[in-house]
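Structure assessment
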Amino acid sequence: MKSPLATKLGTIALLTVLLLIPLYMIKGIILERQALRENVVRDIARSSSSNQHLTGPVFVIPYKKKVRAWKVRADSSRYRDEFEVAGNLYFLPETFALDGKMQTEVRARGIYEARLYHANNQITGRFDIPRQYGVTDDLADYQFEKPFLAVGISDIRGIGNALKITVNGDTHKFKAGSQVDKLGNGVHVSLPSIDPLQHATFEFAFNLMLHDTSQFDITPIGRESQIKLSADWPHPSFVGEFLPAEHKITNEGFDARWQTSLFSTNMDEVMQACLTGAKCEQFNARHFGVSLVNPVDQYLKSERAIKYALLFLVLTFAGFFIFEVLKRLAVHPVQYGLVGMALAVFYLMLLSLSEHIGFGVAYALSSAGCVLLIGFYVSHVLKSMSRGLSFSAGLAALYALLYGLLSAEDYALLMGSLLVFGVLGVVMIATRKLDWYGVGKPESLGQ
């Protein structure tokens, strides 16, 4: 004949497995709402502008070159053929500086929000164009056209001002299109022709206002590049191949400064390999920037919280069972199931409330409601108000520890391990004198 203890433990285990069904359904709702929010953010980005990536300016000199080559006729005789090829010469700025000030705003659609920034960028620098444009061939074979500056901007819808550039004191207007395929979208400005026999210097300055949904990337195009970014958002995530040389983060915002040189970026070589060839992987990877992340993502935290649901069920049922065997009470499996359902509903309440009042307040209200409901119910099941209060206190401690796990992501595994070890220790100490053979007798479970 089966032991009542084994039957009770098997029933509790079965209830735990069955309760995973509503928990799995709630997790599906969390993922569905998260996907809906992301679609809304993408729609807002499509109507505004997507993540911005700034590359340039690059000094470009188009040319046509006469090429002579020996060819073979059908009768095997050779002749000298002459034809023209077109191309571009590309030059990086000697110095490149960007001072960007970013201001954020929130745009909402229904209950969903997307964060946008407006960046006011002051860009300055200098180009040094060598004699003969660095060409070692015979200049008589070249026909140079008017040079231009090309600036790559990933989403030109985000440009917020009429772009003008000052070059050596003269003001020029930018035109749409970068005119360089590898730079993608952007703008360009034509410059006066220069004498190839003279060394030329071009100092430039322009103001670029951009807006975007969350991230701003910059390619440090200069041989010496200095980038400064500041914003009124205190939760930056620095991304890309280079971290800031200096940064300061406060509750009011952040300031960051990057500094790179040709030795650290090898930009001249990787740019030439991309713009004159097809090897653009390294050039496209040479960037850095900042993402204005939202540290309170209620869907991510709700998803992380429900991952601990099984642990919550096991610990709660274990506490319930310990009360049952120590006080020799009879708790029906339906009562276990109702307590388990209340624990599952917590996650649904947490999700629905967090969409309107924020995760922290939603967590406090949801956990308080569940603790009060379960505590009131358990006090009658265990036939003692003090037992109900003790059970409620333990459950409240579990919710507090879960919030700590969600808030301290880096220490979640450590805190979770200590929690399981602590609960195991409490159970072992509480049952150290318990006669488990006696628990198996019908009267010990009140039957």
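Predicted, not measured: the structure shown is a model, and the values here were computed from it.

Describing the confidence of the model for the chain
On average, residues of the chain score 83 in pLDDT, and 91% of them reach the 70 mark or higher. Per-residue pLDDT stays below 50 along residues 442–447; that stretch engages in 14 contacts with residues further than four places along the chain or on separate chains.

A few points about the packing of aromatic side chains
Per the counting criterion, the structure on display carries 23 aromatic pairs. Aromatic side chains Tyr133 and Phe144 sit 4.6 Å apart centroid to centroid with 80° between the ring planes, which places their arrangement in the edge-to-face category. Taken as a pair, Tyr133 in the loop between β4 (112–129) and β5 (142–144) and Phe144 in strand β5 lie far apart in primary sequence, eleven residues in all. Between Phe238 and Phe254 the ring centres are 5.9 Å apart and the planes differ by 80°, which places this aromatic pair in the edge-to-face class.

Describing the layout of surface pockets
As a volume, the largest pocket reaches approximately 770 Å³. Residue lining of the largest pocket: 29 residues in total, with Arg37, Val41, Glu113, Ala114 and Asn294 positioned closest to the centre. Breaking the lining of the largest pocket down by element, the ones donating at least two residues are α1 (4–47), β4, β17 (288–292), α5 (298–306) and α7 (333–357). Its residues assigned to classes, the lining of the largest pocket comprises twelve nonpolar, ten polar and seven charged.

Focus on the environment of Cys370
You can see Cys370 is positioned in helix α8 (residues 359–381). The class of Cys370 is buried, set by a relative accessible area of 4%. Between the C-alpha atom of Cys370 and that of Asn39, which follows or precedes it by 331 residues, the distance is 32 Å. Apart from residues no more than four positions distant in its own chain, Cys370 is found in contact with Ala342, Phe346, Gly375, Leu395 and Tyr399.

Notes on the side chain of Gln52
Along the polypeptide, Gln52 turns up in strand β1 (residues 52–72). Among the polar contacts made by the side chain of Gln52, one reaches the side chain of Ser154 at a distance of 3.3 Å. Discounting residues that sit within four places of it in the chain, Gln52 has contacts with Tyr117, Ile153, Ser154, Asp155, Gly158, Leu210, His211, Asp212, Gln215, Phe216 and Asp217.

Things to note about the pairing of strand β11 (residues 200–212)
One ladder, built from 13 bridges, connects β4 with β11; its direction is antiparallel. Opposite Arg126, over in β11, you have Glu203 as the bridge partner.

Section: empty space enclosed by the protein
Enumeration over the complete set of coordinates arrives at one cavity of 30 Å³ or more. Put simply, the largest cavity is a space of about 30 Å³. Residue lining of the largest cavity: Tyr308, Leu311, Phe312, Leu398, Leu401, Leu402, Leu405 and Leu419, and that is the complete set. Contributions of two or more residues to the lining of the largest cavity are made by α6 (309–326) and α9 (385–407).

Reading guide: rules and limits
- Residues numbered from 1 in each chain as written.
- Predicted model: local features only at pLDDT ≥ 70, side-chain atom pairs only at ≥ 80, totals over all residues.
- Heavy atoms only, no water.
- pLDDT = per-residue confidence, 0-100.
- Contact = heavy atoms within 4.5 Å.
- Phe/Tyr/Trp six-rings, centres within 6.5 Å; stacked < 30°, edge-to-face > 60°.
- Helix = DSSP H or I, 4+ residues; strand = E, 2+ residues; numbered from the N terminus.
- 1 Å grid on protein atoms, 1.4 Å probe; cavity = no way out; pocket = protein on both sides within 12 Å on 5 of 7 lines; lining within 4 Å.
- Points joined across faces, edges and corners; volume = space filled by probe spheres on them.
- Nonpolar A, V, L, I, M, F, W, Y, C, P; charged D, E, K, R; others polar.
- Buried < 20%, exposed > 50% of the residue type's maximum accessible area, 1.4 Å probe, protein only.
- Polar contact = N/O pair within 3.5 Å; in protein donor to acceptor, adjacent residues only side chain to side chain.
- Pairing = 2+ DSSP bridges.

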